[in-house]
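Spelled out, the chains give:
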Amino acid sequence: MKIGDLARETGVSVRLLRYYEEQGLLDSHRLPSGHRRYGQDAPETVRRIRVLLAAGLPTRVIRDVLPCVRGAGEAGFDPCVALHLREQLQGLDARIGELQETRAALAGLLIATEGAAAVPAPAA
């Protein structure tokens, strides 16, 4: 499959497909002309990459996780993915906690500056 065909089928830009390849997430082979060719499984691999990116995983983690993905969609994750996902979730929870503390400090400054009516309630 040519890179343009893969881009059309997956809705991912050619530039992004090249980036995935540079990051070790997507494999291709080169023709003597230098053009890339992707295997028949490439569209599903790109979909998996997109699901993992949407879940907030960085490409370095996705590279480690992809061998544990067997089927299509979220149901295709093997148990070996759980540790990576748990670590990412814990990191996200920690960042959320830090952001909540930062918001509270900023709201306190705003209250001191403008009064209580000026501070909007946090979004749920």
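Criteria and cut-off values
Residues numbered from 1 in each chain as written. Predicted model: local features only at pLDDT ≥ 70, side-chain atom pairs only at ≥ 80, totals over all residues. Heavy atoms only, no water. Helix = DSSP H or I, 4+ residues; strand = E, 2+ residues; numbered from the N terminus. Rg over C-alpha atoms; globule rule 2.2 N^0.38 Å. Buried < 20%, exposed > 50% of the residue type's maximum accessible area, 1.4 Å probe, protein only. Areas by Shrake-Rupley, 256 points an atom, 1.4 Å probe, with all protein chains shown as cover. Lys, Arg positive; Asp, Glu negative; His and termini not counted. Charge placed at Lys NZ, Arg CZ, Asp CG, Glu CD. Axes fitted to C-alpha atoms, helices over the stretch in contact; angles between N-to-C directions. Parallel < 35°, antiparallel > 145°, perpendicular 65-115°, else oblique. Left-handed = near helix turned anticlockwise from the far one by under 90°. Contact = heavy atoms within 4.5 Å. Nonpolar A, V, L, I, M, F, W, Y, C, P; charged D, E, K, R; others polar. UniProt positions renumbered as here; feature names shortened; annotations may be inferred.

A look at the overall build of the chain
A tally of regular secondary structure across the chain gives five helices and two strands. Written out in order from the N terminus, the α and β elements of the chain read α-α-β-β-α-α-α. The C-alpha atoms of the chain give 21 Å as radius of gyration, which overshoots the globular expectation for 124 residues (14 Å, by more than 25%). The principal-axis extent of the C-alpha atoms belonging to the chain is close to 70 × 30 × 20 Å. Looking at the chain residue by residue over its 124 residues, the buried ones come to 23%. Only carbon and sulfur atoms are counted for the fraction: they give 56% of the accessible area of the chain, which is about 8,300 Å². One finds the centroid of the 16 positive side-chain charges in the chain at a distance of 8 Å from the centroid of its 15 negative side-chain charges.

Examining the packing of helix 1 (residues 3-10) against helix 3 (residues 42-54)
Here helix 1 crosses helix 3 at 50 degrees, and the two axes come no closer than 10 Å. In terms of their interaxial angle, helix 1 and helix 3 are classed as oblique. In this structure, helix 1 crosses over helix 3, and the sense of that crossing is right-handed. Residues Leu6, Glu9 and Thr10 of helix 1 form the contact with helix 3, whose own contacting residues are Ala42, Pro43, Val46 and Arg47. Of the residues contributing to the contact of helix 1 with helix 3, the split by class is four nonpolar, one polar and two charged.

Some points on the UniProt feature "domain: HTH merR-type" (unreviewed entry) in the chain
The feature "domain: HTH merR-type" (unreviewed entry), as annotated in UniProt, sits at residues 1-68 in this numbering. As annotated, residues 1-68 has a helix share of 54% and a strand share of 6%, and its two end C-alpha atoms lie 24 Å apart.

Things to note about the packing of helix 2 (residues 14-22) against helix 3
Look at helix 2 against helix 3: their axes get within 12 Å of each other, and the N-to-C directions meet at 85 degrees. Classified by the angle between their axes, helix 2 and helix 3 sit roughly perpendicular to one another. Between helix 2 and helix 3, the contacting residues are Leu16, Leu17 and Tyr20 on the first element and Val46, Ile49, Arg50 and Leu53 on the second. Residues belonging to the contact of helix 2 with helix 3 are distributed by class as follows: six nonpolar, no polar and one charged.

Comments concerning the environment of Glu114
Tracing the backbone shows Glu114 in helix 5 (residues 82-114). With relative accessibility at 55%, the residue Glu114 sits in the exposed group. In this structure the C-alpha to C-alpha distance between Glu114 and Arg30, which are 84 residues apart in sequence, comes to 63 Å.

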